Amino acid sequence: MKDSYVRMQEISKTFGRVEALNRVSLEIRTGEVLAIVGDNGAGKSTLIKILSGVLAPDQGTILVGEKVYSRLKPAASISLGISTVFQDLALVDTLDVPDNLFLGRERTLVRGWLDRRKMRQESGKLLEDLGIKIPDLSSPVSRLSGGQRQGVAVARAVLQGGEILIFDEPTAAMGVQETVAVLRLIRRLADRGHGVVVISHNMDQVFEISDRIAVMRRGRVVHSLLTRETNPQRVIALITGALDGRAEETGGPDDGRND
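Residues numbered from 1 in each chain as written. Predicted model: local features only at pLDDT ≥ 70, side-chain atom pairs only at ≥ 80, totals over all residues. Heavy atoms only, no water.

**Side note on the packing of helix α5 (residues 146-159) against helix α6 (residues 176-191)**
Point 1. Running from N to C, α5 and α6 point in directions that differ by 15 degrees, and their axes come no closer than 9 Å. Put simply, α5 runs roughly parallel to α6. As α5 runs across α6, the sense of the crossing is right-handed. On α6, the residues that touch G146, G147, Q150, G151, V154 and V158 of α5 are E178, V182, L185 and L189. (Axes fitted to C-alpha atoms, helices over the stretch in contact; angles between N-to-C directions. Helix = DSSP H or I, 4+ residues; strand = E, 2+ residues; numbered from the N terminus. Parallel < 35°, antiparallel > 145°, perpendicular 65-115°, else oblique. Left-handed = near helix turned anticlockwise from the far one by under 90°. Contact = heavy atoms within 4.5 Å.)

Next up, the structure:
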């Protein structure tokens, strides 16, 4: 079993009369890819926003390492090693790659001038280590392809010290080649020891890169499965409610199930 880095326990969240999350428990482990799947409105995005500090839960706890929190704020989440790559990527289009990577944590010289040479060198090394290919680091990121922009966002998350990296629909609107490159990068991050969480509606991609799958329905994690021990048809049936999953648990009692 991989090391557990984050545990969300009994997390609930309501918006008015809408119950977005109902006593959700989920475990995120380093060195593996956890896919969170479910229909729109299942609670996936709310769960991730709580983990990234954007939202506060109404109840429940978040364990990061050995520390317990009732909620996280964005800066605290990042400082604890939890980085989120949202669909919009939050890049500054007019800035080049190094400036985007070091935005808010720029390298400076003695008199306060930006040390652009050092930033460029560190950027090149980081991108090379991650297997991200960007021919010209001086180009504004607005000129990069979708896959390259995703790579810059990932590199920035790693540079922030991300032990856990969260992706929300990471290949949305990408072409075939770019999608392949991003999926390889996600798998490579887990192989390097990061914990990776992916929200995706693409079942083929889920089965290509994930180690575990958490199925959400109506604000609950209804089942947690080992990817190698299930198949797309069964997962789809669990998403829709055609199977309740109670008789077919494959992940074990500590796999984050919340029946």
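**Things to note about the environment of N40**
Point 1. Within the secondary structure, N40 sits in the loop between β3 (33-37) and α1 (44-51).
Point 2. As for N40 and M216, which are separated by 176 residues in sequence, their C-alpha atoms are 9.9 Å apart.
Point 3. Side-chain polar atoms of N40 contact the side chain of H201, separated by 3.2 Å. (Polar contact = N/O pair within 3.5 Å; in protein donor to acceptor, adjacent residues only side chain to side chain.)

**Thoughts on the packing of helix α4 (residues 116-130) against α5**
Point 1. Packing of α4 against α5 leaves a shortest axis separation of 10 Å and a crossing angle of 105 degrees. In terms of orientation, α4 and α5 fall into the roughly perpendicular class. Contacts between α4 and α5 involve L126, L127 and L130 from the first element and A155, V158 and L159 from the second.
Point 2. Classifying every residue of the contact of α4 with α5 by side-chain character gives 6 nonpolar, no polar and no charged. (Nonpolar A, V, L, I, M, F, W, Y, C, P; charged D, E, K, R; others polar.)

**Focus: the environment of Y5**
Point 1. Turning to its location among the elements, Y5 is positioned in strand β1 (residues 4-15).
Point 2. For the pair Y5 and I28, spaced 23 residues apart in sequence, the C-alpha to C-alpha distance is 6.0 Å.
Point 3. Once residues within four sequence positions are removed from consideration, Y5 is found in contact with I28, R29, T30, L63, V64, G65, L80, G81, E163 and I164.
Point 4. Here the side chain of Y5 touches L80 through a polar contact of 2.7 Å, landing on its backbone oxygen.

**Here we look at the side chain of T171**
Point 1. Structurally, T171 is set in the loop between β7 (164-168) and α6.
Point 2. On the basis of relative accessible area, T171 is assigned to the buried category, the value being 12%.
Point 3. Among all residues touching T171, those that are not within four sequence positions of it are T179, V182, L183 and Q205. (Buried < 20%, exposed > 50% of the residue type's maximum accessible area, 1.4 Å probe, protein only.)

**Describing the pairing of strand β6 (residues 82-85)**
Within a regular strand, side chains alternate between the sheet's two faces.
Point 1. Alternating residues of β6 divide into I82 and T84 and S83 and V85, and every residue in both groups is buried.
Point 2. Where β6 meets β7, 4 bridges bridge the pair, whose relative direction is parallel. Looking at β7, one finds that T84 is bridged to I166. (Pairing = 2+ DSSP bridges.)

**A word on the sheet that holds β6**
Point 1. With mixed pairing, the 6 strands of this open sheet are ordered in space as β6-β7-β8-β3-β9-β10. Looking at the sheet topology across the chains shown, the edges are occupied by β6 and β10 (220-226). Averaged over all pairs of adjacent strands, the angle between strand axes in this sheet comes to 20 degrees, irrespective of strand direction.
Point 2. Pairing geometry for β3 and strand β8 (residues 195-199), over 4 bridges, is parallel. Directly across from I36, in β8, lies its bridge partner I199.

In short, shape yes, function no, at least from these values alone.
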